[in-house]
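Secondary and tertiary structure notes
As a plain string of letters, each chain reads:
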Amino acid sequence: MNYYIGIDLGTSAVKLILMSEQAEIIKTVSKEYPLYYPQPNWSEQNPVDWWNAVSEGVAKLTDGYNKGDIKGVGVGGQMHGLVMLDENDNVLRPAILWNDTRTGKETDYLNSVIGKERLQALTGNIAFAGFTAPKILWVKKNEPEIFEKCKKICLPKDYINYKLTGVFATDVSDASGTLYFDVEKNCWSAQMLEILGINKSYLPKVYESYEVIGKTNTLGLDCDVVAGAGDNAAAAIGTNTVNEGQCNISLGTSGTVFIPTDKYVKTSNPALHSFCHANGKYHLMGCILSAASCNKWLNETVFESDYKVECSPQNDLYFMPYMSGERCPHNDGDIKGAFIGITHATTRADMQRAVFEGVSFAIKDCIELCPNEIKKATVCGGGTKSKEWMQILSDILGIELSVIQNEGPAYGGALLAAGISCQPQIEYTVNPNTALTEVYSRKYRKFKMLYPALNDFYKEELQ
């Protein structure tokens, strides 16, 4: 039997799967690595830690199997991260990650001086603090000695592919999130490279996600490696979210609303990303920076255990899920999270429900920017482990939700490597309670009033 390896290079760990040629997941392995916060708003990792975890993970994944039966590898990974290498391919500095918001000034420069209209014309998108281009400007200004030594710039999963094959490559979906890739024309933007002051020779060759970039030359493997995809596009392959009219919501560390399109779409609201898909087409995406991570924080840091949701949504407690700043729709790296409306009567269950509601309201913020009505969606990610949360999300959005069983960028990567598609397995489906949808509609209107108030508060504090 032939097998395929899918790799998901996540923020907290790398997840690997061994998949059969019938698209059945045979074995899974996960390896964690450190995440560093050296200063407020900074988020970094060492790419060498990624590679060590992948190497150990592949060894454990293939133990007991004939490596000669492994025919392909596909990698999906966290987007936007800046990896810089010198002329000898040594890592010059820790990778600056997608949820790092140090680049406020650089982001403002790109949006205000270069201009949002020009950025959209050149790349299809405006600048966000998490994108790669502002990170390059930050290094250029604050670490000029690093910038001078840099000879290669790549994204996290592309570093892994480079270590696997020796081929310096990326794919269109991941490149879309750099802000120096022309999404409509599927190529690096020469004008953006000039603005950033980088040479095209520093950048990898661009492939479609399913294209073979080379063969493995390490880890005991001898098989093809495809270009792979950014984590959201890879997850969309895993959930078979590939056609217009579909929608997939992901509730992982961050949260996303993923909408495939057959053609390139220039969005009327630039808070919505316009990216290439892993299937050769395109997609629109709204992204919130903190989703299931909010629930993880509440239960591990505050409660130190899980609590059931038992109260009704009529309570007047609100949670603002801006724990890492926010991307869509606010593009605000300085905003902070908050509980609003706490009283002596507030219970743990109230706070738990407020977190579920707050993240769901933020997802609704993204949904409301979509050009076409969304009537139903699939849902994936760690947040789906809570059926209570899925019911709340369905009630708030007012749509049917189908929770996917086999999902994730690793599965999508394996499918890309195998060159096959697969209908996702539905674990369960949730339908909205129309009466609660109306209650939540009123509560959502109040939720939307809170961001401007918080924004004024923090802008005043920062002056």
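Here the structure is shown first, and the text comes after it.
Here goes a summary of the coordinates provided.

About the criteria used
Residues numbered from 1 in each chain as written. Predicted model: local features only at pLDDT ≥ 70, side-chain atom pairs only at ≥ 80, totals over all residues. Heavy atoms only, no water. Salt bridge = Lys/Arg side-chain N within 4 Å of Asp/Glu carboxyl O. Buried < 20%, exposed > 50% of the residue type's maximum accessible area, 1.4 Å probe, protein only. Helix = DSSP H or I, 4+ residues; strand = E, 2+ residues; numbered from the N terminus. Pairing = 2+ DSSP bridges. Axes fitted to C-alpha atoms, helices over the stretch in contact; angles between N-to-C directions. Left-handed = near helix turned anticlockwise from the far one by under 90°. Contact = heavy atoms within 4.5 Å. Nonpolar A, V, L, I, M, F, W, Y, C, P; charged D, E, K, R; others polar. Disulfide = S-S within 2.5 Å.

Further remarks concern the pattern of salt bridges. Under the counting rule described, the total for this entry stands at 17 salt bridges. The partner of lysine 157 in a salt bridge is aspartate 158, with the nearest N and O atoms 2.5 Å apart. Using a relative accessible area of 0% as the deciding quantity, one classes lysine 157 as buried. Taking the shortest distance from any N to any O, the salt bridge between glutamate 357 and arginine 353 comes out at 3.6 Å. Of the two residues, glutamate 357 and arginine 353 both sit in helix H10 (residues 348-367), four residues apart, roughly one turn of that helix.

The buried fraction of strand S1 (residues 3-9) amounts to seven of the seven residues, a majority that puts the element mostly inside the structure. With seven bridges connecting them, S1 and strand S5 (residues 70-77) associate as parallel partners. The partner of tyrosine 3 across the bridge, within S5, is isoleucine 70. Sheet topology places S1 next to strand S2 (residues 13-20); seven bridges connect them, and they run antiparallel. Of the residues in S2, the one forming a bridge with tyrosine 3 is serine 20. Counting the residues that bridge the hairpin from S1 to S2 gives three residues.

It is at 9 Å that the axes of helix H2 (residues 104-123) and helix H3 (residues 132-142) come closest, and there the two elements cross at 120°. The crossing of H2 and H3 is right-handed. Listed contacts from H3 to Lys105, Glu106, Thr107, Tyr109 and Leu110 of H2 are Ala133, Pro134, Leu137, Trp138, Lys141 and Asn142. Residues belonging to the contact of H2 with H3 are distributed by class as follows: six nonpolar, two polar and three charged.

Take the sheet that holds strand S22 (residues 376-380) next. One open sheet holds the seven strands; their spatial order is S18-S19-S17-S16-S22-S23-S24, and the pairing between them is mixed. The two strands at the open ends of the sheet, each matched to only one other strand, are strand S18 (273-276) and strand S24 (426-430). In this sheet, neighbouring strand axes are inclined to one another by 25° on average, regardless of whether the strands run parallel or antiparallel.

It is worth spelling out the state of the cysteines at this point. A complete count under the given rule lists zero disulfides for this structure. For cysteine 187, which is in no disulfide, the shortest distance to another cysteine sulfur is to cysteine 276 and amounts to 9.9 Å.

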